[in-house]
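If you want the building blocks of each chain, they are given just below.
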Amino acid sequence: MIPEDICIEKDFESKGWKMEDAIQDMKHMIGMYPEGCRRTYKRYGTTFYKPYRNYWSGENKYMEYFSHVGLCEKWVNKGFIPKDVPNYALTRRGLNFLGRHIKVNIGNVEN
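Novice: I tried to follow the nonpolar core on my own but got confused; where do I start?
Specialist: Nonpolar side chains in soluble globular proteins generally cluster together in the buried interior. In terms of nonpolar packing, the biggest core is built from 24 residues, with M63 and F66 touching the most fellow members. Elements represented by at least two residues in this core include exactly α1 (3-15), α2 (19-29), α3 (61-69), β5 (86-90) and α4 (92-102). When residues of this core are assigned to their parent elements, the largest contribution, 5 residues, is made by α2. Beyond its immediate chain neighbours, meaning those up to four positions away, F66 contacts I8, F12, A22, M26, L71, C72 and F97.

Structure (structure tokens):
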């Protein structure tokens, strides 16, 4: 594990948050949760996953934290219904962070 991951885990411990809950939310963002929606595949002994989406719409304390440390980007819809709802998307660093925790190489979102 790299030092950045250890610092984030320490922050979670100090706040009383569970890293497993944040990982589950991140998996949901890219379509890996609930299990069985889309599956990983193996090539040459390495596990891969191709996400078909990458977003979270609504308040989430984990995504808010990740947006401050650069694992997510945040934007607010102006003029849409519901108005002023925060949206989050994992950055490449966020996808790599999630991949390290679940031991899967995660690609970019399909176009």
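Novice: Teacher, can you tell me more about the confidence of the model for the protein chain here?
Specialist: Caution is warranted with low-pLDDT regions, since their predicted coordinates should not be read in detail. Averaged over all residues, the pLDDT of the protein chain equals 89, while 93% of them reach at least 70. When pLDDT is averaged over each helix and strand of the protein chain, the minimum, 90, is found for strand β1 (residues 41-43) and the maximum, 96, for α3.

Novice: Before we go on, may I ask you to explain the sheet that holds strand β3 (residues 56-57) in this structure?
Specialist: Strand pairing within a sheet occurs via backbone hydrogen bonds; the two strands may be parallel or antiparallel. Overall, antiparallel pairing links the 3 strands, which are arranged β3-β5-β4 in an open sheet. Each of the sheet's edge strands pairs with one partner strand only, and the pair in question is β3 and β4 (72-76). By the bridge criterion, 2 bridges tie β3 to β5 in an arrangement that is antiparallel. Pairing of W56 across the sheet is with Y88, part of β5. Strands β3, β4 and β5 of the sheet are contacted by α3, whose axis makes an angle of about 110 degrees with β4.

Novice: Quick question: what am I supposed to make of the sheet that holds β1 here?
Specialist: Spatial strand order, β1-β2-β6: 3 strands in an open sheet with mixed pairing. Each edge of the open sheet is held by one strand with a lone partner, namely β1 and β6 (105-106). The pairing of β1 with strand β2 (residues 46-49) spans 3 bridges and is classified as antiparallel. Pairing of K42 across the sheet is with T47, part of β2.

What counts, and where the lines are drawn
The written sequence of each chain sets the order in which its residues are numbered from 1. Local features are withheld for residues below a pLDDT of 70 in this predicted model, meaning they are given only at 70 or higher, and side-chain atom pairs are given and counted only at 80 or more; totals for whole chains, interfaces and linings count all residues. No hydrogens and no water enter the side-chain calculation; it runs on all heavy atoms of the structure. Take the buried residues of types Ala, Val, Leu, Ile, Met, Phe, Trp, Tyr and Cys, join any two whose side-chain atoms come within 4.5 Å, and each joined set is a nonpolar core. Burial here depends on accessible area, computed with a 1.4 Å probe over protein chains only, as a share of the maximum for the residue type. Under 20% is buried, over 50% is exposed, and the range in between is partly exposed. Starting at the N terminus, helices and strands are each numbered in turn, a helix being any DSSP run of H or I of at least four residues and a strand any DSSP run of E of at least two. A contact between two residues is defined here by any heavy atoms of the two lying within 4.5 Å. A score from 0 to 100, pLDDT tells how confident the predictor is in each residue. One bridge is not enough; two strands pair if DSSP finds at least two bridges between them. Axis definition: a line fitted to C-alpha atoms, limited for helices to the stretch in contact. Angles are taken between N-to-C directions and run from 0 to 180 degrees.

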